[in-house]
Amino acid sequence: MGYVWMIVPILPALAAVLIGASLLSILVSIIPRISSITQPQTAQNAITPIIGEVFGLYGLAIFMFYVVLLIGALAFYYMIDRRNRHFVRQRSLFSTLQRYLALKAPYSESVSRLGYIAEDSGCDERDRPAGVWAVLFLFVTPIVGLLAAYNLTQDLRRHEDAQSVYQTTLTNAFSDAGIQLPSFSPFKFHRREPFLFIILSAITVGLFWIYWFYTLLKDYNEHFSDQARFEDQILDSQRPPEATKLCGSCGATIPRSAKFCPICGKPQTI
Ligand SMILES: [Zn+2]
Ligand SMILES: [Zn+2]
């Protein structure tokens, strides 16, 4: 998800400042108009536009309120939905790898442990109903927003812990099956304390919430790219090594199918 979603925590703050400032400027403009009142008719002439301005501002406030709610609900829907899709995809990768390794090394303890981890993650990482959360957000915004953020932060933390155990077990299982995996580039751990984040958001009257929301976008984005790299490394390790030949011109080792040498550029006779 792009960082454009940062409008979710920032927009309410901007709206509050905008509406507060407008209200203040209306109040300030009242003073000279009131002091110029000398007769009853001029009093009416002075007050009518003020009432209009206040109502206009009230309408704007209501409008901003619903815009903020809708964008927030949409953001939480996408966040929870992509979390669900990632966990489902992860589980199916787990079970595919486990079945594959069980054929190659049926008596390996690590391979059966992979099965347990997959089962565990199936229990711990149930889908969260994204639509229900989004709709609830429209009605009980602050509570549902905090709860959703709490769950998302906690879920990623648990998921990353499980992932790190899984990687070790997977490497052992592959080695029991006679396949040496490359050492994985380590996952980045995002050890956020969601409970502390709730307290900090309350103490700072929502200012910390802006940072929290940012971490939700950033941490998940980072995790997904780590995960993609991890999957690529597994797939690469399963690819048969490409057939090679020597370049007739410079002697470099090049792919057998190459029509030109990537080193010296000379055409190759096949
Ligand atoms: Zn993951
Ligand atoms: Zn060459």
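The present account deals with the structure reproduced in this document. Owing to the predicted nature of the structure, the values given are computational and were not obtained by experimental measurement.

Another point: the environment of Ser 121. Inspection of the secondary structure assignment puts Ser 121 in helix H3 (residues 109-124). With a relative accessible area of 7%, Ser 121 lands in the buried category. Put simply, Ser 121 and Asp 236 are 115 residues apart on the chain and 25 Å apart in space, counted from C-alpha to C-alpha. Apart from residues no more than four positions distant in its own chain, Ser 121 is found in contact with Arg 91 and Phe 94.

As a further point, take the layout of surface pockets. Taken as a whole, the largest pocket spans an internal volume of roughly 510 Å³. Lining the largest pocket are 20 residues, with Val 8, Pro 12, Thr 141, Pro 142 and Trp 209 positioned closest to its centre. Among the secondary structure elements, those contributing two or more residues to the lining of the largest pocket are helix H1 (7-35), helix H2 (40-104), helix H5 (141-176), helix H6 (194-203) and helix H7 (207-238).

Binding of the zinc ion (ligand 1) to the protein goes through His 86 (NE2), His 159 (NE2) and His 223 (NE2), at separations of 1.9 to 2.0 Å. Motif for the zinc ion (ligand 1), donor spacing along one chain: H-x72-H-x63-H. Of this pair, His 86 sits in helix H2 while His 159 is found in helix H5, placing the two residues 73 residues apart along the sequence.

As a further point, take the side chain of Ser 108. Along the chain, Ser 108 turns up in the loop between H2 and H3. We classify Ser 108 as buried; its relative accessible area is 8%. There is a polar contact of 3.2 Å between the side chain of Ser 108 and the backbone nitrogen of Ser 110. Polar side-chain contacts of Ser 108 include one of 2.6 Å to the side chain of Asp 176. Apart from the residues lying within four places of it in its own chain, the contact partners of Ser 108 are Ala 173 and Asp 176.

Taken N-terminus to C-terminus, the directions of H1 and H7 make an angle of 160 degrees; their axes are 8 Å apart at the nearest point. Considering their axes alone, H1 and H7 lie roughly antiparallel with respect to each other. For the pair H1 and H7, the sense of crossing is left-handed. Here Val 8, Pro 9 and Ile 10 of H1 lie close against H7, whose contacting residues are Trp 209, Ile 210 and Phe 213. Among the residues forming the contact of H1 with H7, the class breakdown is six nonpolar, no polar and no charged.

The rules behind these values
Residues numbered from 1 in each chain as written. Chains lettered and ligands numbered in written order. Predicted model: local features only at pLDDT ≥ 70, side-chain atom pairs only at ≥ 80, totals over all residues. Heavy atoms only, no water. Helix = DSSP H or I, 4+ residues; strand = E, 2+ residues; numbered from the N terminus. Buried < 20%, exposed > 50% of the residue type's maximum accessible area, 1.4 Å probe, protein only. Contact = heavy atoms within 4.5 Å. 1 Å grid on protein atoms, 1.4 Å probe; cavity = no way out; pocket = protein on both sides within 12 Å on 5 of 7 lines; lining within 4 Å. Points joined across faces, edges and corners; volume = space filled by probe spheres on them. Donors = N, O, S within 2.8 Å, 3.2 Å for Na, K, Ca; no water. Polar contact = N/O pair within 3.5 Å; in protein donor to acceptor, adjacent residues only side chain to side chain. Axes fitted to C-alpha atoms, helices over the stretch in contact; angles between N-to-C directions. Parallel < 35°, antiparallel > 145°, perpendicular 65-115°, else oblique. Left-handed = near helix turned anticlockwise from the far one by under 90°. Nonpolar A, V, L, I, M, F, W, Y, C, P; charged D, E, K, R; others polar.

Read these as layout, nothing more, since geometry by itself doesn't imply function.
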